[in-house]
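Topology and contacts: notes
Listed below are the residues making up each chain.
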Protein chains: 2
Amino acid sequence: MRENTARSSVLPVAPSRGRLRPLGLDEVRITGGFWAGRRRVNATATLDHCRDWMRRVGWIDNFRAAAEGRIHRDRRGREFSDSDVYKLLEAMSWAAATADASPLDRRIAALSDVIAPAQEPDGYLGTAFGRPGQQPRYSDLEWGHELYCYGHLVHAGVAQTRARGEGELAKTARRAADHVCATFGPGGVEGVCGHPGIETALVELARTTGEQRYLDQAALFVDRRGHGLLADGEFGRAYHQDDLPVRQATALRGHAVRALYLAAGAVDVAVETGDDDLLAAVVRQWEAAVARRTYLTGGMGSHHRDEAFGDDFVLPPDRAYAETCAGVASVMLSWRLLLATGEPRFADLAERTLFNVVATSPAEDGRAFFYANTLHRHRRGPAPAADAENPRAESGLRAPWFAVSCCPTNVARTLALLPAYLATADAQGLQLHQYADAEITTTLAGGQAVALRVRTDYPAGGSVSVRVDRAPDHPWTLSLRVPAWTQGSPALLVAPDGTRRTVGPGTATVTRLFRPGDEVRLDLPVAPRWIGADPRVDAVRGTVAVQRGPLVYCAESADLPDGRDVDAVRVDPSAEPQDGPDGTVVVDGALLAAPDGAAPWPYPPLGRAAAPVAAPAGIVLVPYHSWARRGPSTMRVWLPTAGGPQDA
Amino acid sequence: MRENTARSSVLPVAPSRGRLRPLGLDEVRITGGFWAGRRRVNATATLDHCRDWMRRVGWIDNFRAAAEGRIHRDRRGREFSDSDVYKLLEAMSWAAATADASPLDRRIAALSDVIAPAQEPDGYLGTAFGRPGQQPRYSDLEWGHELYCYGHLVHAGVAQTRARGEGELAKTARRAADHVCATFGPGGVEGVCGHPGIETALVELARTTGEQRYLDQAALFVDRRGHGLLADGEFGRAYHQDDLPVRQATALRGHAVRALYLAAGAVDVAVETGDDDLLAAVVRQWEAAVARRTYLTGGMGSHHRDEAFGDDFVLPPDRAYAETCAGVASVMLSWRLLLATGEPRFADLAERTLFNVVATSPAEDGRAFFYANTLHRHRRGPAPAADAENPRAESGLRAPWFAVSCCPTNVARTLALLPAYLATADAQGLQLHQYADAEITTTLAGGQAVALRVRTDYPAGGSVSVRVDRAPDHPWTLSLRVPAWTQGSPALLVAPDGTRRTVGPGTATVTRLFRPGDEVRLDLPVAPRWIGADPRVDAVRGTVAVQRGPLVYCAESADLPDGRDVDAVRVDPSAEPQDGPDGTVVVDGALLAAPDGAAPWPYPPLGRAAAPVAAPAGIVLVPYHSWARRGPSTMRVWLPTAGGPQDA
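A brief report on the enclosed structure follows.

From N to C terminus, chain A includes 14 helices and 27 strands. The globule rule puts the C-alpha radius of gyration for 648 residues at 26 Å, and the 25 Å found for chain A is close to it. Put simply, chain A has 648 residues, and 66% of those count as buried. Relative to all contacts within chain A whose residues are 6 or more apart in sequence, the contacts with residues 24 or more apart total 67%. Accessible surface computed for chain A: about 20,700 Å², of which carbon and sulfur atoms make up 49%.

Printed below as a string of structure tokens:
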């Protein structure tokens, strides 16, 4: 690794060292296409939606009640509800860096004014514990989420500082961080939080302030975990990642969001302290998770019961929890690993997860969300009430708000900071990791500016054109990720030369003395294709899936004739999938005759379950991220092939 | 239905009307074979094991602490721990009816002496609520389990009365029941318990005492449910069956044990009140559950999260919860439906569930239990600590005790009363429903005695011989259930005639003037056979299972060469399974080459996941109920066939 000298201050993650240097939100602008539309909805609808709901359900008022001494009577929401107010503030802060800032600045200031009076003189801040009539501070580290809430507060404070300069929010956050160091530092409480999240926050605060003690505290939290400091419980020590020290673990395990936040924090600590063993341990865990515990969508965490990773290869589509927040956390982890190592596989997973988990959660209007992201829905609806808090995470449609509503604000902050995930720089030049219409300007090593304009209709199309608008007067290297999903013959065209060469999955590079107007084009074949599964993924035996570019596709009942449900679909993978109209894909297949529902016992002797296949017709598939936009439906990603033993 | 005039008082379920008349524990004796061994272990090991554990974990002492006014400080265990003490007392009472009674009587009396002083003057009895320092009585009907605990207390009291005569336990139970009627009767608290169970108990108490008000109260509880009297919660109203009135519901849903206890109580109410609509509603729900929500083993309830039924056909083998208690409750329900209707399908499901769920739970020594009964275990162990309370229900091996330890005592009471499930009588004669070495004596309609001796090595063999030792001097009908699983040509031999006739699944009958020494033999082919699945059972696509007689079989790693795991198994269903040595079955098949574990991403483009198949060798299968007796292992019931798309 080498030292980073960031040119931008508007960085969600700002490691001081690493293989790649991140670019800030003032250096990368998304100008159109898939993500621009979602970011627009996020900025114009989701941020207000979240604030309005948190007013309505009392989570903002909790801070007033705490300041006014009536919180023991009036508190509403779960013990971690403060964190969602902070995540919204983080989202607003990043959005303020790129959007019309002044209205957002006013909203941030107003919210910060509500929060600050609830902070106690020693820096403690939390509406669920510690005041008269409440449980004592830190009396329930397993489930109290106090340090977890600080984590999101500190991330919000850092975002404010970097995007707009240190304001009241950032000062509040810093006082809280000082309180954490004083309370949980060496000689203090020998504890960790049941929910990681403080680790990334403290490292980022150290990066911003230059104060070593925040980093030391984060390292202490990472090192303390895995030694049984938390009480064992119904879900076992692995739930809290307290079964094994981070550097000894070989798999991501337990509660998925907890596992991924902790891993991200461990990477941050490893990078700042030069702890290559710790970094290697997290890379190993990431590899194991991707190879054996990740859905085709990038979704992580199959268990509903404990929102946790399952055993290796236990990835049932219809019981996929694949929490939206786990998707956000997975992208956070992959991004940190990409910066540390430069390896494109981390950007590959981030892309898969962004398009198929993060993009799936919000409704088109930005006012409803999936909390869990199943890969198979057997029955329609019922639709959640359009204007009510949803008590459960399993509804068949996106819901406006949840009793545990971590996901909406997590989506909001991810979309707000998304441009930061597109590109990086290093001593050799500039790297593009994610593709979108964008304008990128930065200063390359040597001190000269570079400006690029990216044009693409990705992910619908696979052609990515990069025009150089401004360039140093010396040669440098433009790198473009060639996604691991690429089949066929991806090619790189360098317009000034008129050269065209086939490139393999990984990274395609052009090194030259670029001049303004020069253009490089990456052509990625995005024809739809059949995807299989490792035979150890038991739950998808006898089925296949379709992917087109980075997008996973699904069958949805809305596209089937006669009100049929997706469980009737049988596909024929001997013919290639074809592009259909409007971003759909059409595959050969058939629909089983409607079951008569009269099976007296669903396990007949083999060969007696004959189910006649109706006249073949093409099956229309839609991008997974767009499912359930047409009302209650059934849906499946993994499609049975005809002729299995049950169809015989 | 017609009136029952029971000849025995030692009846676990004693309906006053119904198609069939149950026989008591003084009329049916199991003398050898599969169940006799398990009942012996239950009587000599499990009963003491449960008592010792409940002493150790403080659940018995809770009653002392309540009586002594220190319960708010000293209480241990979950809010429903009282119920396990009562279930043990019920088990002991039924065991006392058939075993050497005096030591059991002493133990029952000693435990009853601990419980009685904890009862308050108005009949309230519960160690978790209502005393100074505790939450008020009935302040948490959703989760408090107070009425549920009474249910098990009353069942224990009824068992004592019927088996040994009314003792202190029965008097305590009756005072509690009177308190329930006074508190929750018309004009009282308009509530139901979050966990059903009181309903069957009150009906049985009405049957024993002849007091209508207990039946009225049970009917009121059944009618009240489904109207949202319980608060909605994380798992939805269906969890508590409070989403729909019993008579409107078309499916068993929500928490499986709750659903099945409630359904059993509704049958009891329907039978006693002549409410055919209510009975028909439960039959409909039973049909729907069996056709669409039941595992091959008879296990019910797939969800771990809420211990609940899943959607139709969502029956993942590796996430099968299939709680032992749900198996017990399912048998309770089927038995009541069998008595009410006489239809053999209810005995079919009871048999399946007894052999493959109830018999699976206890270890050979009767001192460890499965709480959940998965159909697929992907990884070995870890073994639960042999001498520690197991916090979780998901261990890979049987555990001695659980934080929630409902299952051991539920298995114990079921094994203790098991002989009652074997046979019934009606105006025409006598019916055999379950097969075991047994001696059956009762008085037939007309007042004359009949005595039968059943000899069989069922389920290992399918030949069931019934010798008449004593018979009335008029013709009567002997009925034998021909299980629905029967294939081939089951035959009935009537020895005196020398006749042999083929019989179909359902019921085989012989009507004649039997004389002592006459013999009837039912020959059921028990050759192992392949079982398929309705194509809508998505999670077992591309796999087959094996059943032999009523026993479901499984592959277990202990029987595979070279330390291989069961996920390597591929079977060839084109050849019939064969009997192997020692009750095993051998099928044609192969083992996949050991995976190299290096899959970088488990979803390759189709056709690239080629997995070479090793030299074929027969695969040994063992009865599912016997798995995990040889240390940590992997296991699967549903076996992949070779040649699916993933193996291509």
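Next, the rest of the story.
A few words on the sheet that holds strand E16 (residues 506-512) of chain B. Residue and element names in this part refer to chain B. On the basis of which strands lie adjacent, the open sheet formed by five strands has the order E3-E8-E9-E13-E16 and mixed pairing. Both outer strands of the open sheet, strand E3 (21-22) and E16, are each paired with one neighbouring strand and no more. Pairing between strand E13 (residues 476-482) and E16: seven bridges, direction antiparallel. Residue pairing in the sheet places tryptophan 476 in a bridge with arginine 512 of E16. Along the sheet, helix H13 (residues 344-358) contacts E13 and E16; its crossing angle with E13, the most-contacted strand, is approximately 50°.

Turning to empty space enclosed by the protein, a few remarks are in order. Gaps left between atoms show up when a probe the size of a water molecule is rolled over them. Residue and element names in this part refer to chain A. Under the defined criterion, the tally for this structure stands at 17 cavities of 30 Å³ or more. Forming the boundary of the largest cavity are 15 residues, of which Pro12, Glu90, Arg336, Arg413 and Leu417 lie nearest the centre. The residue makeup of the lining of the largest cavity, split by class, is nine nonpolar, two polar and four charged.

Our next topic: the packing of aromatic side chains. Within a pair of aromatic rings, the relevant descriptors are the distance that separates the centres and the angle that separates the planes. Residues and elements named next belong to chain B. Overall, the coordinates contain 44 aromatic pairs over all chains when judged by the stated rule. Between phenylalanine 184 and phenylalanine 221, the ring centres sit 6.0 Å apart and the planes meet at 55°, which makes this aromatic pair tilted. Within this pair, whereas phenylalanine 184 is found in helix H7 (residues 168-184), its partner phenylalanine 221 is found in helix H9 (residues 212-224), the two being separated by 37 residues in sequence. Owing to a relative accessible area of 0%, phenylalanine 184 belongs among the buried residues under this scheme. Ring centres of phenylalanine 355 and tyrosine 458 lie 6.1 Å apart, and the angle between their planes is 55°; on these two criteria the pair is classed as tilted. Taken together, the residues phenylalanine 355 in helix H13 and tyrosine 458 in the loop between strand E11 (449-456) and strand E12 (463-470) connect sequence positions 103 residues apart.

Counting from both sides, the interface comprises 67 residues of chain A and, opposite them, 67 residues of chain B. Across the chain A to chain B interface the summed buried area is about 5,800 Å²; carbon plus sulfur atoms make up 56%. Run the count over chain A and chain B and you get four salt bridges. With a closest N to O distance of 2.5 Å, Arg636(A) and Asp538(B) form a salt bridge. Inspection of the chain A/chain B interface yields 14 residue pairs in polar contact (both at pLDDT 80 or more). Listing elements by their share of the side of chain A that touches chain B, those giving two or more residues are helix H11 (276-292), helix H13 (344-358), strand E18 (529-531) and strand E19 (543-548) of chain A. When grouped by side-chain class, the residues that make up the side of chain A that touches chain B number 33 nonpolar, 14 polar and 20 charged.

Further remarks concern the relation of the copies chain A and chain B. Placing chain A over chain B gives an RMSD of 0.0 Å and needs a rotation angle of 180°, together with 0.0 Å of translation along the axis. Considering both components of the superposition, the chain copies are consistent with a two-fold axis. Relative to the rotation axis, the closest C-alpha in chain A is found at Arg305(A), a distance of 1.8 Å.

Residues and elements named next belong to chain B. Taking 1.5 Å per residue as the helical rise, helix H8 (residues 198-209) with its twelve residues ought to reach 16 Å, and the 16 Å between its terminal C-alpha atoms agrees with that figure. Listing the buried residues of H8 in full gives Ile198, Glu199, Thr200, Ala201, Leu202, Val203, Glu204, Leu205, Ala206 and Arg207. Looking at the buried positions of H8, the neighbouring elements they touch are helix H6 (146-164), H7, H9, helix H10 (256-273) and helix H12 (324-341). Positive phi appears at glycine 210, one or two residues downstream of H8, with a value of about 75°.

Here we take up the pattern of salt bridges. A side chain of one charge can pair with a side chain of the opposite charge if their charged atoms are brought near each other. All names here are of chain A. Scanning all chains against the criterion turns up 108 salt bridges over all chains. Linking arginine 137 and aspartate 122 is a salt bridge whose minimum nitrogen-to-oxygen distance equals 2.7 Å. With arginine 137 in the loop between helix H5 (101-115) and helix H6 (146-164) and aspartate 122 in the loop between H5 and H6, this pair connects stretches of sequence that are 15 residues apart. The class of aspartate 122 is partly exposed, set by a relative accessible area of 38%. One salt bridge connects aspartate 559 with arginine 630, and the closest N-O pair in it is separated by 2.8 Å.

What counts, and where the lines are drawn
- Residues numbered from 1 in each chain as written.
- Chains lettered and ligands numbered in written order.
- Predicted model: local features only at pLDDT ≥ 70, side-chain atom pairs only at ≥ 80, totals over all residues.
- Heavy atoms only, no water.
- Helix = DSSP H or I, 4+ residues; strand = E, 2+ residues; numbered from the N terminus.
- Rg over C-alpha atoms; globule rule 2.2 N^0.38 Å.
- Buried < 20%, exposed > 50% of the residue type's maximum accessible area, 1.4 Å probe, protein only.
- Contact = heavy atoms within 4.5 Å.
- Areas by Shrake-Rupley, 256 points an atom, 1.4 Å probe, with all protein chains shown as cover.
- Pairing = 2+ DSSP bridges.
- Axes fitted to C-alpha atoms, helices over the stretch in contact; angles between N-to-C directions.
- 1 Å grid on protein atoms, 1.4 Å probe; cavity = no way out; pocket = protein on both sides within 12 Å on 5 of 7 lines; lining within 4 Å.
- Points joined across faces, edges and corners; volume = space filled by probe spheres on them.
- Nonpolar A, V, L, I, M, F, W, Y, C, P; charged D, E, K, R; others polar.
- Phe/Tyr/Trp six-rings, centres within 6.5 Å; stacked < 30°, edge-to-face > 60°.
- Buried area = accessible area lost by both parts, 1.4 Å probe.
- Salt bridge = Lys/Arg side-chain N within 4 Å of Asp/Glu carboxyl O.
- Polar contact = N/O pair within 3.5 Å; in protein donor to acceptor, adjacent residues only side chain to side chain.
- Least-squares fit on C-alpha atoms with pLDDT ≥ 70 in both.
- Expected span 1.5 Å × (residues − 1).

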